[in-house]
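These are the residues of each chain, in order.
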Amino acid sequence: TWAGVSKSYVKGNVDLSNGDTGDIPKFSPYVGSEIYLLEGSTLKLGINSAINFNVVIYIANNAQLLTDDLLKVNASSKVYNHGTISVGTFEVNTESFLYNVGKLETTGSVNVESNNSHIVNDGSITSPTVQVKAGAVLNNADWTVTGTTIVTSNNSGWVNNGHWTTKKYAYTGGSVNVINKC
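A brief look at the structure comes next.

Parameters at a glance
- Residues numbered from 1 in each chain as written.
- Predicted model: local features only at pLDDT ≥ 70, side-chain atom pairs only at ≥ 80, totals over all residues.
- Heavy atoms only, no water.
- Helix = DSSP H or I, 4+ residues; strand = E, 2+ residues; numbered from the N terminus.
- Rg over C-alpha atoms; globule rule 2.2 N^0.38 Å.
- Buried < 20%, exposed > 50% of the residue type's maximum accessible area, 1.4 Å probe, protein only.
- Contact = heavy atoms within 4.5 Å.
- Areas by Shrake-Rupley, 256 points an atom, 1.4 Å probe, with all protein chains shown as cover.
- Lys, Arg positive; Asp, Glu negative; His and termini not counted.
- Charge placed at Lys NZ, Arg CZ, Asp CG, Glu CD.
- Pairing = 2+ DSSP bridges.
- Axes fitted to C-alpha atoms, helices over the stretch in contact; angles between N-to-C directions.
- Polar contact = N/O pair within 3.5 Å; in protein donor to acceptor, adjacent residues only side chain to side chain.
- Phe/Tyr/Trp six-rings, centres within 6.5 Å; stacked < 30°, edge-to-face > 60°.

## Quick word on the overall build of the protein
Logical step 1: Along its length, the protein carries one helix and 20 strands.
Logical step 2: Taking 2.2 N^0.38 as the reference for a compact globule, 182 residues should give roughly 16 Å; the C-alpha atoms of the protein span a radius of gyration of 16 Å, in line with that estimate.
Logical step 3: C-alpha atoms of the protein, sized along the principal axes, occupy 45 × 30 × 25 Å.
Logical step 4: Taken over 182 residues, the protein has a buried fraction of 47%.
Logical step 5: Expressed as a percentage of contacts within the protein between residues at least 6 apart in sequence, the contacts between residues at least 24 apart total 21%.
Logical step 6: Looking at the protein as shown, the accessible area adds up to about 8200 Å², and 49% of this sits on carbon and sulfur atoms.
Logical step 7: Taking the average place of the 11 positive charges on the side chains of the protein and the average place of its 13 negative ones, the gap between the two points comes to 4 Å.

## Quick word on the pairing of strand 3 (residues 34-37)
Logical step 1: Here strand 1 (residues 7-10) pairs with strand 3 via four bridges, running parallel. Bridged to Lys 7 within strand 3 is Glu 34.
Logical step 2: Pairing of strand 3 with strand 5 (residues 56-59), which is carried by four bridges, proceeds in the parallel orientation. The residue of strand 5 that forms the bridge with Leu 37 is Ile 59.

## Examining the sheet that holds strand 20 (residues 178-180)
Logical step 1: On the basis of which strands lie adjacent, the open sheet formed by nine strands has the order 1-3-5-8-11-14-16-18-20 and parallel pairing. Of all the strands in the sheet, just strand 1 and strand 20 have a single pairing partner and so form its edges. Along the sheet, successive strands turn relative to each other by an average axial angle of 5°, direction set aside.
Logical step 2: Looking at chain direction, strand 11 (residues 97-100) and strand 14 (residues 118-121) are connected through four bridges and run parallel. Among the inter-strand pairings, Asn 100 is bridged to a residue of strand 14, identified as Asn 121.

## What to know about the side chain of Asn 93
Logical step 1: Tracing the chain through its elements places Asn 93 in the loop between strand 10 (89-92) and strand 11.
Logical step 2: Within the structure, the side chain of Asn 93 is placed 3.2 Å from the side chain of Glu 91, a separation counted as a polar contact.

## Considering the environment of Asn 111
Logical step 1: The residue Asn 111 is located in strand 13 (residues 109-112) in this model.
Logical step 2: Asn 111 gets classed as buried once you look at its relative accessible area, which sits at 8%.
Logical step 3: Once the C-alpha coordinates of Asn 111 and Ile 150 are considered, the two residues, 39 residues apart in sequence, prove to be 9.6 Å apart.

## Brief notes about the side chain of Asn 54
Logical step 1: Along the chain, Asn 54 falls in the loop between helix 1 (47-50) and strand 5.
Logical step 2: Those residues in contact with Asn 54 that lie beyond four places of it in its chain are Tyr 30, Val 31, Gly 32, Asn 74, Ala 75 and Ser 77.

## Here's the deal with the packing of aromatic side chains
Logical step 1: Scanning all chains against the criterion turns up seven aromatic pairs.
Logical step 2: Between Tyr 36 and Tyr 58 the ring centres are 4.8 Å apart and the planes differ by 10°, which places this aromatic pair in the stacked class. Placement of Tyr 36 in strand 3 and of Tyr 58 in strand 5 is noted, with a sequence separation of 22 residues between them.
Logical step 3: Through pairs of rings, three or more aromatic residues link up here, namely Tyr 9, Tyr 36, Tyr 58, Tyr 80 and Phe 97.

Pasting the structure below:
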């Protein structure tokens, strides 16, 4: 944790998950800071660091961002992924954004929580559940949901221009921005 906007470059393997369970996260860059995961690097976050993720992060080819828990991309944060994100649950919230040309894998859910939060997928995403409660999802590539896709808001956007595979699809909102062009 440090004060002020900064740029951090991760090279090699950095594991900040051990003991990251108290009131103060082990890794909490100032809002608006930038993190660069260089090619071949790995950054593993613990539970407290992963839910306080309010930065811009660039993940290079063959780089990995990991947490066993919820990775909450929040407060106008941006994630540009060319590598791999492997998490328990992935959430964009409060005007945050994911642009994925790499791989996003979850053991839980992918959640889009608020109106100005977005996910654009030009890579591959695999998760048991997807919940679009508000905001927007644009899939131009491959998205596999082993369980249920849920779109629940009148303001949600869900556009599929690629391949979306899901066991169940529940559309309970009234948005006109739910379009399947596959």
